[in-house]
Amino acid sequence: MERNAVQNRYVQRSTWTTLSCETLSALTTVLALAFAASLLTASIGVPEDVVTVAIVTVGIVAVGLALTRLFASLEANGLPVLE
């Protein structure tokens, strides 16, 4: 009976895993770009803007990690409204 419940999912588990992996990949890219941007702003003589880059980066990382956690939850439980 457990096998039947898994097959009747509206969205496959692999979809949520793929979305989670893509989100983590995007976060890695954002962190690398933020590091480069902070080095660039510090090297051109505007160290005050490094704080702005850091705050924006922390916000983006927080949203990305929240999405990753949401995708993991949806992978485990499915879509409660549709299933």
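Rules behind the numbers
Residues numbered from 1 in each chain as written. Predicted model: local features only at pLDDT ≥ 70, side-chain atom pairs only at ≥ 80, totals over all residues. Heavy atoms only, no water. Helix = DSSP H or I, 4+ residues; strand = E, 2+ residues; numbered from the N terminus. Buried < 20%, exposed > 50% of the residue type's maximum accessible area, 1.4 Å probe, protein only. Phe/Tyr/Trp six-rings, centres within 6.5 Å; stacked < 30°, edge-to-face > 60°. UniProt positions renumbered as here; feature names shortened; annotations may be inferred.

1. Some details on the environment of Ser25
Then, in step 1: Tracing the backbone shows Ser25 in helix α2 (residues 13-43).
Then, in step 2: Overall, the relative accessible area of 40% leaves Ser25 in the partly exposed class.

2. Quick notes on the packing of aromatic side chains
Then, in step 1: Evaluated as defined, the whole model comprises 1 aromatic pair.
Then, in step 2: Ring centres of Trp16 and Phe71 lie 6.0 Å apart, and the angle between their planes is 25°; on these two criteria the pair is classed as stacked. Taken as a pair, Trp16 in helix α2 and Phe71 in helix α3 (residues 48-77) lie far apart in primary sequence, 55 residues in all.
Then, in step 3: With a relative accessible area of 9%, Trp16 lands in the buried category.

3. Let's talk about the UniProt feature "transmembrane region" (unreviewed entry) in the protein
Then, in step 1: Here the UniProt feature "transmembrane region" (unreviewed entry) sits at residues 21-44 and 50-72.
Then, in step 2: End C-alpha to end C-alpha, residues 21-44 measures 35 Å, and it is 96% helix and 0% strand.
Then, in step 3: With 100% helix and 0% strand, residues 50-72 has end C-alpha atoms that lie 33 Å from one another.

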